[in-house]
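# Notes for the structure review
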Amino acid sequence: MTLQLTKRPRRNRRSATLRALLQEHHLSLNDLVMPLFVVEGEDIAQEVASMPRIFRYSLDRLIAECKELWALGIKAVVLFPALEDALKDKYGKESLNQQGLYQRALRAVKQAVPEMLVITDVALDPYSSDGHDGVVEQGEILNDVTVEILAQMAVSQARAGADIIAPSDMMDGRVKAIRQALDEAGFTQVGILSYSVKYASAYYGPFRDALDSAPKAGDKKTYQMDSANVREAAIEVALDIEEGADMVMVKPGLAYLDVVRAVAEVSSVPVAVYNVSGEYAMLNAAARRGWLDYPKVVTESLLAFKRAGADLILTYHAKEYAQWLKQG
Ligand code: PBG
């Protein structure tokens, strides 16, 4: 029998050509930012235990990696330093060292691959003996004291060649302070990508392994957002834009696609999403057991970010996705 239907949505899915013609959202290498970890030393590439194929690179290997990424079509990276404990202290002083590992890494990458867009991380945790994103006093994470250090850190990174400064700390007022400090130092062209909506999440576990930066005491719930909330995302975004953010970010990604959508709807600046370490670890763990078709679930996940409204995606899958495209 033939049903009397005037609407048959399947008509639009009949062939690959038709489906391609009607595809609403697209993934492009132009949207992807690859996070990279840097360590002191020479010829070092230490794989992060919970993140297959993600390494901590010494400077020489970092440069080689950036060249490879550029050749593959990945044009933006975000760098994180893994420091030895001896360099960590309460105020994260090493973060201001112009000869420090991070600043040397920035100069090296910008020199080797000048067109690579280099995004830097501003927060205390890689440098903090307390493993927190701010200065800790009697168990409290101090806001205003921390913001002062963050502003200096941003200037130090700009001086070393950062194109975009990305504060990931969630202190109040840091975007304003960073913008002002950058401008006063003459870096009016250096942008700010604010981690505006960053949740206190267990999905950061593998990242903290990579940097050995887990909090020594307590958790990050007095500064990072409660995962049960979405309303305050709008406040954080509005404040950051008012304070001078050029782009805002939601983090983590996959468990927060509703938040990405909510932010995309209210933001007047581009929206980024961070597809975090725990999300990368989950897909890899399942793939290793043969439980998921890895390239397919990765592609599906990345597309989900675009569908939710993200303009750019920070993702550990960036390189492999580019490789798959190249292989066809
Ligand atoms: C800390 C920072 C974190 C990540 C980026 N910057 C972890 C945290 O807030 O504890 C997580 C990234 C990831 O999990 O991939 N400033």
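Notes on the structure follow.

Below, the discussion takes up the overall build of the protein chain. For the protein chain, the count of helices and strands is 11 helices and 12 strands. In terms of C-alpha radius of gyration, the protein chain reaches 20 Å, essentially the compact-globule figure of 20 Å for 328 residues. Reported as C-alpha extents along the three principal axes, the dimensions of the protein chain are approximately 75 × 45 × 40 Å. A burial count over the protein chain gives 53% of its 328 residues as buried. Mean positive and mean negative side-chain charge positions of the protein chain (37 and 44 charges, respectively) differ by 11 Å.

Residues in close proximity to the ligand total 16 residues, the closest being Lys198, Arg208, Lys251, Ser277 and Tyr316. Within the contact set of the ligand, a nitrogen atom lies 2.8 Å away from a side-chain nitrogen or oxygen of Ser168. With respect to the ligand, the side chain of Lys198 contributes an N or O atom lying 2.7 Å from an oxygen atom. Burial of the ligand by the protein amounts to 100% of the accessible area it has alone, namely 410 Å².

What follows deals with a positive patch on the surface. On the surface, Lys7, Arg8, Arg10, Arg11 and Arg13 cluster together to form a positively charged patch. For Arg13, a relative accessible area of 52% puts it in the exposed group.

All right, on to the packing of aromatic side chains then. A full pass over the atoms with the stated rule returns 11 aromatic pairs. Relative to Trp324, the ring of Tyr294 has its centre 5.8 Å away and its plane inclined at 90°; by these criteria the two rings are edge-to-face. Placement of Tyr294 in helix α10 (residues 294-308) and of Trp324 in helix α11 (residues 318-327) is noted, with a sequence separation of 30 residues between them. One aromatic cluster in this structure is built from Phe37, Phe80, Tyr195, Phe207, Tyr274, Tyr280 and Tyr316. One residue, Lys198, lies across the ring of Tyr204, its end atom 5.4 Å from the ring centre. Across the ring face of Tyr204, the terminal group of Lys251 is positioned such that the distance to the ring centre comes to 4.6 Å.

Our focus in this paragraph is a nonpolar patch on the surface. Taken together, Met1, Leu3 and Leu5 make up a surface patch of nonpolar side chains, about 390 Å² in accessible area. Along the chain, Leu3 turns up in the segment before α1 (16-22). Exposure remark for Leu3: the relative accessible area of 48% places this residue in the partly exposed category.

The two faces of the sheet receive side chains in turn, since in a regular strand these alternate between them. Neither face of strand β12 (residues 312-315) is left uncovered, since the one carrying Leu312 and Leu314 and the one carrying Ile313 and Thr315 both have all their residues buried. Pairing of strand β1 (residues 32-38) with β12, which is carried by two bridges, proceeds in the parallel orientation. Bridge assignment links Val33 to a residue of β12, and that residue is Leu314. By the bridge criterion, four bridges tie strand β11 (residues 271-275) to β12 in an arrangement that is parallel. The residue of β12 that forms the bridge with Tyr274 is Leu314.

Counting 106 residues, the largest nonpolar core has Phe37 and Leu182 as its most contacted members. A total of eight residues in this core trace back to one element, the largest contributor, which is helix α4 (residues 143-159). Not counting the four nearest positions on each side in its chain, Phe37 is found in contact with Val48, Met51, Ile54, Phe55, Arg56, Tyr57, Phe80, Phe207, Ala210, Leu211 and Tyr316.

The subject of this paragraph is α10. In a regular helix each residue adds 1.5 Å, so 15 residues correspond to 21 Å; α10 covers 21 Å between its end C-alpha atoms and thus fits that length. A positive backbone phi angle near 120° is found at Gly309, which sits one or two residues after α10.

For the rest of this paragraph, the subject is the packing of helix α9 (residues 277-288) against α10. At a minimum axis separation of 10 Å, α9 and α10 run at an interaxial angle of 155°. Of the possible angle classes, the one that applies to α9 and α10 is roughly antiparallel. α10 is crossed by α9, and the crossing has right-handed handedness. Residue-level inspection shows Glu279, Tyr280, Leu283, Asn284 and Ala287 of α9 in contact with α10, the latter providing Tyr294, Val297, Val298, Ser301 and Phe305. Of the residues contributing to the contact of α9 with α10, the split by class is seven nonpolar, two polar and one charged.

Moving on: helix α5 (residues 174-184). Along an α-helix, residues three or four positions apart point the same way, because every turn accommodates 3.6 residues. Of all the positions in α5, only Arg174, Val175, Ile178, Arg179, Ala181 and Leu182 are classed as buried. Residue Gly186 follows α5 closely and has a positive phi angle near 90°.

Conventions used here
- Residues numbered from 1 in each chain as written.
- Predicted model: local features only at pLDDT ≥ 70, side-chain atom pairs only at ≥ 80, totals over all residues.
- Heavy atoms only, no water.
- Helix = DSSP H or I, 4+ residues; strand = E, 2+ residues; numbered from the N terminus.
- Rg over C-alpha atoms; globule rule 2.2 N^0.38 Å.
- Buried < 20%, exposed > 50% of the residue type's maximum accessible area, 1.4 Å probe, protein only.
- Lys, Arg positive; Asp, Glu negative; His and termini not counted.
- Charge placed at Lys NZ, Arg CZ, Asp CG, Glu CD.
- Near = heavy atom within 4 Å.
- Polar contact = N/O pair within 3.5 Å; in protein donor to acceptor, adjacent residues only side chain to side chain.
- Areas by Shrake-Rupley, 256 points an atom, 1.4 Å probe, with all protein chains shown as cover.
- Patch = residues over 30% accessible without salt bridge, like charges linked within 9 Å, V, L, I, M, F, W, Y side chains within 5 Å.
- Salt bridge = Lys/Arg side-chain N within 4 Å of Asp/Glu carboxyl O.
- Phe/Tyr/Trp six-rings, centres within 6.5 Å; stacked < 30°, edge-to-face > 60°.
- Lys NZ or Arg CZ within 6 Å of the ring centre and 35° of its normal.
- Pairing = 2+ DSSP bridges.
- Core = buried A, V, L, I, M, F, W, Y, C linked by side-chain atoms within 4.5 Å.
- Contact = heavy atoms within 4.5 Å.
- Expected span 1.5 Å × (residues − 1).
- Axes fitted to C-alpha atoms, helices over the stretch in contact; angles between N-to-C directions.
- Parallel < 35°, antiparallel > 145°, perpendicular 65-115°, else oblique.
- Left-handed = near helix turned anticlockwise from the far one by under 90°.
- Nonpolar A, V, L, I, M, F, W, Y, C, P; charged D, E, K, R; others polar.

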